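Coordinates in review
Below are the chains, spelled out letter by letter.
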Amino acid sequence: MESYKLNSGNLSKIADRVAVPAYDRTDVRAGIVHVGIGGFHRAHQAYYTDQLLHDSANKDWGICGIALLDYDQKIYNTLKNQDGLYTLIVKELDGTLTKNVIGSIVEYLFAPENPSAVIEKMANEEVKIISLTITEGGYNYNETTGAFNFENPLIQHDLNNPNAPKTIFGYLTQAFKLRKERGLLGCTVQSCDNVQGNGHVAEKMLLSYVKAAEPELVSWIEANVSFPNSMVDRITPATSPTDIAHLKETSGIDDAWPVVCEPFNQWVIEDNFMAGRPAWENVGAQFVSDVVPYEKMKLSLLNAGHSVLGILGALNGYSTIDEAVGDKAIRTFLKLYMDCEVTPVLGDLEGVDLKRYKQSLIERFGNVYIKDQIDRICSESSAKLPIFILPTVYAQLKEKGSIKLAAFVIAAWAIYSLGLDEKGNSLVIKDVLSDVLREKAIKAKNEPKQFLTVEAVFGNLQNSATFVEGYSKSYRDILKYGVVKCVVELNSEILDKTV
Ligand code: CS2
């Protein structure tokens, strides 16, 4: 099959093969600036927005995508070469591939190349929303104290070079300074990251930075910028070379970076937009007054579930999430973790069928076509586990409830951090704290508790005798018997007790 490069000029030819935007993209204005145009944003917010743009009443809600980091050059170049277009490939549960060319990203900027263009864009009065997917670590706070981390060299750089910033905090500060100077209205900063109270955290961190960088701007931001919380969900693995080749072979689309994802998607948003918002509810998003319960449920069941499967699976030598959840012992462990340790501390989730939600997670993790990489899931665990798993531990300790399974996962993570699976293959550990994790993991071989002294992750958890006891026992057992044998043992211990 003849293939066409994906770009505006070829859209009409491609339209015979897959669905393409049926709206005039030249007419769309960027009312949203989005920072972090990785796979997740393109499978989620950009997808919802593309659907919305099919109604011309919404043409002011296109997206200007910002590639913030040096590392993002590749995605920026790709979008530039393809006029912002990309193919979204949904991998259905039965293996069918649903392909759509998405057109909502109508402008794109590479911040390291042109910081002032990014600041100007964010300050542009047509822009009503600045949304973010900057990852858990991007919020730059100490997991234990919740305080803004001024020691980060990038933050120091931004304080010393306000006109050529590198972090989101430097950019937002300059943009809001311009808006204030020009007498313009404020806008909404909309976090779309997996962080509990993501809007509150974005606000708190930004204001901490602004207090140090431009103290006189604080009250303007407080009065003119809103920070809605949100819960975002769609499993989006990294695109593989096979995905790219397959798209070209089967649909004749030469797309340098399509996005692959699961069919499920969910977006629950607090309705708190300073300068208006698109009617995302018309394309499936839910606007509610309190997102906290939804966030808590998703982070402590889905994201934590991922980490449980990822860490246990990695140690056992699995490389994808469906392999890990396909292992009966690990699957049972995950279900017990959800039922016995997470559910009791979730509180009231009005209107949510929790049983059904947990079942659906097992199905979603099991989608064999997704092939979600365990490497992706385990990356940056030092920022993820304090959000996904440790809040459950603290809540259970407070209630004198069970922490056994969570402690087991942390013990497995300590062993994982040594960098080898149980078959002797090396594990790639991608984590900003990888050096310190490794150093503590080595020390833990003599005294397991040593791993818990990574203060930025565990705070003072090492002072909990209950946790240390469970964790240390699990640590020794895993080294002695292997992860799956221990899991089988623990499962039957718990099942015997509950029968
Ligand atoms: C994953 C998430 O980061 C992770 O480890 O759990 O990327 C997850 O796939 C998404 O949050 C799904 O919505």
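Residues numbered from 1 in each chain as written. Predicted model: local features only at pLDDT ≥ 70, side-chain atom pairs only at ≥ 80, totals over all residues. Heavy atoms only, no water.

**Re the pattern of salt bridges**
Note the following rule: For salt bridges, the criterion is a side-chain nitrogen of Lys or Arg within 4 Å of an Asp or Glu carboxyl oxygen. Helix and strand definitions here come from DSSP, where helices need a minimum of 4 consecutive H or I residues and strands a minimum of 2 consecutive E residues; each element is numbered from the N-terminal end. Accessibility here uses a 1.4 Å probe with only protein chains present; expressed as a share of the type maximum, an area under 20% marks a residue as buried, one over 50% as exposed, and anything in between as partly exposed.
With the rule as written, the count across this model stands at 16 salt bridges. Ionic pairing is found between Lys5 and Asp254, a salt bridge with its closest N-O pair at 3.1 Å. A residue pair is termed long-range when its members are at least 10 positions apart, and Lys5 in strand S1 (residues 4-5) and Asp254 in strand S10 (residues 253-254) qualify at 249 residues. For Lys5, a relative accessible area of 52% puts it in the exposed group. Put simply, Asp233, Glu262 and Arg364 are held in one network by salt bridges that share partners.

**Some remarks on the layout of surface pockets**
Put simply, the test is: Using only the protein atoms, space was sampled on a 1 Å grid; points where a 1.4 Å probe fits but cannot get out form cavities, open sets with protein on both sides within 12 Å along at least five of seven lines form pockets, and lining residues are those with an atom within 4 Å of a point. Grid points are joined across faces, edges and corners, and a volume is the space filled by probe spheres set on the points. Amino acids are sorted into nonpolar (Ala, Val, Leu, Ile, Met, Phe, Trp, Tyr, Cys and Pro), charged (Asp, Glu, Lys and Arg) and polar (every other residue, Gly among them). Domain boundaries shown here were taken from an automatic or database domain assignment.
As a volume, the second largest pocket reaches approximately 440 Å³. Surrounding the second largest pocket, 24 residues form its lining, Gln196, Pro386, Ile387, Pro391 and Tyr394 being those nearest its centre. Among the secondary structure elements, those contributing two or more residues to the lining of the second largest pocket are helix H11 (292-316), helix H16 (381-388), helix H17 (390-398) and helix H20 (455-458). The class makeup of the residues in the lining of the second largest pocket is 16 nonpolar, six polar and two charged. Shared between two domains, the lining of the second largest pocket holds at least three residues of each, these being domain 1 (4-287) and domain 2 (292-498).

**A look at the site of the ligand**
Stated formally: Near, as used in this document, describes a residue that has one of its heavy atoms within 4 Å of the molecule or strand being considered. Pairs of N or O atoms within 3.5 Å make up the polar contacts considered here, provided that, within protein, one atom can donate a hydrogen while the other can accept it, and that residues adjacent in sequence are counted only when both atoms are side-chain atoms. Accessible surface is estimated by sampling points in the Shrake-Rupley manner with a 1.4 Å probe; for residues, cover comes only from the protein chains shown.
Around the ligand, a shell composed of Asn194, Val232, Asp233, Arg234, Ile235, Lys298, Leu302, Asn303, His306, Arg376, Ile377 and Lys384 is seen. Asn194 places a side-chain nitrogen or oxygen 2.8 Å from an oxygen atom of the ligand. Bound to the protein, the ligand loses 94% of the 340 Å² it would expose on its own. Every element with two or more residues in the shell around the ligand is listed here: strand S9 (230-233), H11 and helix H15 (374-378). Take the shell around the ligand: its biggest share by element is four residues, from H11. A breakdown of the residues in the shell around the ligand according to their chemical character gives four nonpolar, three polar and five charged. Summarising the domain contributions, the shell around the ligand has at least three residues from each of domain 1 (4-287) and domain 2 (292-498).

**Some words on the packing of helix H13 (residues 328-342) against helix H22 (residues 483-498)**
Under the convention used in this document: For helices, the fitted axis covers only the stretch in contact; all axes are lines through C-alpha atoms, and the angles between them, taken along N-to-C directions, range from 0 to 180 degrees. Angles are sorted into four bins: roughly parallel if under 35 degrees, roughly antiparallel if over 145, roughly perpendicular if 65 to 115, and oblique for all others. By the definition used in this description, the sense in which the near helix is turned from the far one sets the handedness, with an anticlockwise turn below a right angle giving left-handed and a clockwise turn giving right-handed. By definition in these notes, contact holds between two residues if any of their heavy atoms fall within 4.5 Å.
At a minimum axis distance of 9 Å, the contact between H13 and H22 shows a crossing angle of 45°. Put simply, H13 runs oblique to H22. In terms of crossing hand, the pair formed by H13 and H22 is left-handed. Mapping the contact onto sequence places Ala329, Ile330, Thr332, Phe333, Leu336 and Cys340 in H13 and Val484, Val487, Val488, Leu490, Asn491, Ile494 and Leu495 in H22. For the contact of H13 with H22, the per-class residue count stands at 11 nonpolar, two polar and no charged.

**What about the packing of aromatic side chains?**
The condition that has to hold: Under the pairing criterion, centres of Phe, Tyr and Trp rings, with the six-membered ring standing for Trp, must be within 6.5 Å; the plane angle then separates stacked pairs below 30 degrees from edge-to-face pairs above 60, leaving the rest tilted.
Scanning all chains against the criterion turns up 17 aromatic pairs. Ring centres of Phe169 and Tyr209 lie 6.4 Å apart, and the angle between their planes is 35°; this geometry places the pair in the tilted category. One end of the pair, Phe169, is in helix H7 (residues 168-181); the other, Tyr209, is in helix H8 (residues 198-213), and 40 residues separate them in sequence. In this structure Tyr209 comes out as buried when scored by relative accessible area, which is 2%. Pairing Phe273 with Trp280 gives two aromatic rings, centres 6.5 Å apart and planes at 65°, and the pair type is edge-to-face. What makes Phe273 buried here is its relative accessible area of 13%. Taken together, Tyr47, Tyr48, Trp267, Phe273, Trp280 and Phe287 form an aromatic cluster joined through their ring pairs.

**A short note on unusual backbone geometry**
The residue Asp83 is not glycine, and still its phi comes out positive at about 55°. Considering the arrangement of structural elements, one finds Asp83 in the loop between helix H4 (73-81) and strand S4 (86-91). Residue classification places Asp83 among the partly exposed residues on the basis of a relative accessible area of 27%. The phi dihedral of Glu380 is positive, around 55°, even though this residue is not glycine. Mapping Glu380 onto the fold places it in the loop between H15 and H16. Assessed through its relative accessible area of 23%, Glu380 is described here as partly exposed.

**Things to note about the packing of helix H6 (residues 153-160) against H8**
Look at H6 against H8: their axes get within 10 Å of each other, and the N-to-C directions meet at 45°. By the angle class used here, H6 and H8 are oblique. As H6 runs across H8, the sense of the crossing is right-handed. Contacts from Ile155, Asp158 and Leu159 in H6 reach Tyr209, Ala212 and Ala213 in H8. In terms of residue class, the contact of H6 with H8 is built from five nonpolar, no polar and one charged.

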